[in-house]
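# Inside the fold
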Amino acid sequence: MTRILSNGADDAPNRVLLAHGAGAGMEHAVMESLALGLADEQIQVIRFEFPFMQKTRLDGRRRPPDREPALLTCWREMAAEFAHPRLFLAGKSMGGRMASLVTDELAPKGLILLGFPFTPPGKPDRFRGQHLATLATPSLLIQGERDSFGNKDAVLGYDLAPQMQTLWVKDGDHGFSPRKASGTTLERNLAAIVAGMRSFILAC
């Protein structure tokens, strides 16, 4: 079974550990586009899967995510196994939320949150981003303007750490897809995300 997918130079001066979200694994088209777009001689991207997704890969049965302690343990193990002088933690939705819970403990060069799930759709009272106000790790939040887990109007009202940068994805939903009438496309949005990630990584 494939444990990881690696793109970019093994001796690259920067390494990104990229985790998936709750509903799709490391080979999802968006994950693939981001990894391939970002990886080169300067940046190595390593994708991995949480235990529940590895099991789904084995038997094809969809299952809910592991409980938080298991997800956090997986992040710690991956960060230790793929330690690097310039390591960045990155994750889509749930994968990013779990990374944000251990980032100050693991002390990477930076953290990249791709579509942070601030609140479940339609449940604004279940806020899951309190800890983002006190993060010490340099961070980049990449959020779709109309993400149902935290749109632009909502997120602008949240208390985020001073060193957290925000990149808004034009008309993007939780998967960064825009509406046809927006004047942009998913491909353009993903290219803008890759450019933003690259700038953040190289500037840290």
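Look a little higher up for the structure.
A short tour of the structure in this document, coming up. (Residues numbered from 1 in each chain as written. Predicted model: local features only at pLDDT ≥ 70, side-chain atom pairs only at ≥ 80, totals over all residues. Heavy atoms only, no water.)

## Points about the nonpolar core
Selection rule: To form a nonpolar core, buried Ala, Val, Leu, Ile, Met, Phe, Trp, Tyr and Cys residues must be joined to one another through side-chain atoms within 4.5 Å. Relative accessibility thresholds used throughout: buried, under 20% of the residue-type maximum; exposed, over 50%; partly exposed, between the two (1.4 Å probe, protein chains only). Comment: elements are numbered from the N terminus, with helices defined as DSSP H or I runs of at least four residues and strands as E runs of at least two.
Leu17, Phe48, Phe50, Trp75, Leu132 and Leu141 are the most contacted members of the largest nonpolar core, which totals 31 residues. At the level of elements, strand S2 (14–19), strand S3 (43–48), helix H2 (51–59), helix H3 (68–81), strand S4 (87–92), helix H4 (94–106) and strand S5 (110–114) are the ones that each hand at least two residues to this core. With six residues, H3 is the largest single contributor of residues to this core. The next biggest cluster of nonpolar side chains, apart from the first, holds 24 residues, and it includes Leu18, Ile142, Phe176 and Val194.

## What to know about the pattern of salt bridges
Note the following rule: Just to be clear on terms, a salt bridge is a Lys or Arg side-chain nitrogen sitting within 4 Å of an Asp or Glu carboxyl oxygen.
Using the criterion set out here, one finds ten salt bridges in the structure. Here Glu81 ties to Arg3 by a salt bridge, and the two come within 3.2 Å at their closest N and O atoms. Within this pair, whereas Glu81 is found in helix H3, its partner Arg3 is found in the segment before strand S1 (4–7), the two being separated by 78 residues in sequence. Across the pair Asp59 and Arg61 runs a salt bridge whose closest N-O atoms are separated by 3.7 Å. A residue is classified by how much of its surface remains accessible, and Asp59, at 39% relative accessible area, is partly exposed. Of the residues examined, Arg61 reaches a relative accessible area of 52% and is grouped as exposed. Residues participating in the shared-partner salt-bridge network are Glu27, Glu49 and Arg57.

## Notes on the sheet that holds strand S6 (residues 139–144)
Defined as follows: For two strands to be treated as a pair, DSSP must find no fewer than two bridges joining them. Helix axes are fitted to C-alpha atoms over the stretch in contact, other axes to C-alpha atoms as well, and angles between N-to-C directions run from 0 to 180 degrees. We call two residues contacting when some pair of their heavy atoms lies within 4.5 Å.
One open sheet accounts for seven strands, arranged S1-S3-S2-S4-S5-S6-S7; its pairing is mixed. Because the sheet does not close on itself, it has two edges, and the strands there are S1 and strand S7 (164–169). Strand after strand, the sheet turns through a mean of 15° between neighbouring axes, direction not considered. Together, S1, S2, S3, S4 and S5 form the strand contacts of helix H1 (residues 29–38), whose direction differs from that of S3 by roughly 160°. In the packing of helix H6 (residues 186–203) onto the sheet, contacts are made with S2, S3, S4, S5, S6 and S7, and the angle to S5 comes to roughly 165°.

## What to know about H2
The periodicity of an α-helix, 3.6 residues per turn, causes residues three or four positions apart to be oriented the same way. The criterion, for reference: Throughout, the arc means that of the directions going from the helix axis to the C-beta atoms.
Considered for burial, the residues of H2 that qualify are Phe52, Met53 and Thr56. In a view along the axis of H2, the buried residues occupy a sector of 95°, so they form one face of it. Check the buried side of H2 and you find it contacts H3 and H4. Positive backbone phi, approximately 80°, marks Gly60, located one or two places after H2.

## Some words on the packing of H3 against H4
Put simply, the rule reads: Roughly parallel covers angles under 35 degrees, roughly antiparallel covers those over 145, roughly perpendicular covers 65 to 115, and oblique covers all other angles. Crossing handedness: left-handed means the near helix sits turned counterclockwise from the far one by under a right angle, and right-handed means the same turn made clockwise. When residue character is reported, Ala, Val, Leu, Ile, Met, Phe, Trp, Tyr, Cys and Pro are called nonpolar, Asp, Glu, Lys and Arg charged, and the others, Gly included, polar.
One can describe the packing of H3 onto H4 by two numbers: an axis separation of 9 Å at closest approach and a directional angle of 60°. With respect to their mutual orientation, H3 and H4 come out oblique. Two packed elements cross with a definite hand, and for H3 against H4 that hand is right-handed. Packed against H3, whose contacting residues are Glu68, Leu71, Leu72, Trp75, Arg76 and Ala79, the element H4 presents Met94, Gly95, Arg97, Met98, Ala99, Leu101, Val102, Glu105 and Leu106 at the interface. Partitioned by chemical class, the residues of the contact of H3 with H4 number ten nonpolar, one polar and four charged.

## Some points on H4
Rules: One fewer than the residue count of a helix, multiplied by 1.5 Å, yields its expected span. Bend at a given residue is defined as the angle between two axes, one fitted to the seven residues that end at that position and one fitted to the seven that begin there.
The end-to-end C-alpha separation of H4 is 18 Å, in line with the 18 Å expected for 13 residues at 1.5 Å each. Most pronounced at Ser100, the bend in H4 amounts to some 35°. For H4, the complete set of buried residues consists of Met94, Gly95, Gly96, Arg97, Met98, Ala99, Ser100, Val102 and Thr103. Structurally, H4 contributes buried residues whose contacts are with S2, H2, H3, S4 and S5. After H4 finishes, the residue Ala107 shows a positive phi value of roughly 55°.

## Considerations on the side chain of His20
Which entries qualify depends on this criterion: Counted as a polar contact is a pair of N or O atoms within 3.5 Å, where, for protein atoms, one must be capable of donating a hydrogen and the other of accepting one, and residues adjacent in sequence contribute only when both atoms are in side chains.
Residue position: His20 is located in the loop between S2 and H1. A polar contact of 3.1 Å, which involves the side chain of His20, links it to the backbone nitrogen of Phe50. When neighbours within four sequence positions are excluded, His20 is seen to be in contact with Gly25, Met26, Met31, Phe48, Glu49, Phe50, Phe52, Met53, Lys92, Met94 and Gly95.

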